[in-house]
Amino acid sequence: MNHSNLYKFWIWTIFWWFMLFGRGISWGRDFFPDVPRFYYKIIASIIIAIPLLTIFLPTIRQEITRRYKYETIPVWHLFFAFLFLGIADIAEHRRLGYQFLVLDPQRKDLIEELMEIPCLLSLALTTFYMQKNEKKRLNKSC
């Protein structure tokens, strides 16, 4: 077992969480609304590019493959994460089913944010589950 690969994998997951945080605060537009949108597009591009480009590193791909092959995946956590992400997307982008989900258009943002909370919670539970299993595995090998 290579501890360096584990370390790189968890750093990579931190980049993903940082990207989710950036998206959650609209890349800073909520705090600095007078700044031109061009700057936020640059910030978003950089923050999104880091985890997407690092997925092509061999150590990251090997660790993802190892986890997929040999570790239990909390399917229900991931199912709920995608379910609530889909519901939040429907509210945000007025997709199919919008009229049933958002009864008052002025509360569209509230519905979107309320659906993102269980999505992020499900992702956090997935992360904690993986960390707990990894800690058990590392303790057994020592």
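Use the structure listed above.
In what follows, the accompanying structure is described. Model, not experiment: these values are computed from the prediction. (Residues numbered from 1 in each chain as written. Predicted model: local features only at pLDDT ≥ 70, side-chain atom pairs only at ≥ 80, totals over all residues. Heavy atoms only, no water.)

## Notes on the environment of Phe82
- With respect to the helices and strands, the residue Phe82 is situated in helix H4 (residues 75–93).
- The sequence separation of Phe82 and Cys119 amounts to 37 residues, and the corresponding C-alpha distance is 6.9 Å. (Helix = DSSP H or I, 4+ residues; strand = E, 2+ residues; numbered from the N terminus.)

## Here's the deal with the pattern of salt bridges
- Applying the stated criterion across every chain, the model contains 7 salt bridges.
- One salt bridge in this structure joins Arg67 and Glu71, with 3.4 Å as the shortest N-O distance. Of the two residues, Arg67 and Glu71, neither departs from the other in class, the shared state being buried.
- Where Glu71 meets Arg137, a salt bridge forms, and the shortest distance between an N and an O atom there is 3.8 Å. A residue pair is termed long-range when its members are at least 10 positions apart, and Glu71 in the loop between helix H3 (58–70) and H4 and Arg137 in helix H6 (residues 108–141) qualify at 66 residues.
- On the basis of relative accessible area, Arg137 is assigned to the partly exposed category, the value being 24%.
- In the salt-bridge network here, residues are joined through shared partners; they are Glu63, Arg66, Arg67, Glu71, Glu134 and Arg137. (Salt bridge = Lys/Arg side-chain N within 4 Å of Asp/Glu carboxyl O. Buried < 20%, exposed > 50% of the residue type's maximum accessible area, 1.4 Å probe, protein only.)

Functional significance is not addressed by these values, which are geometric in nature.
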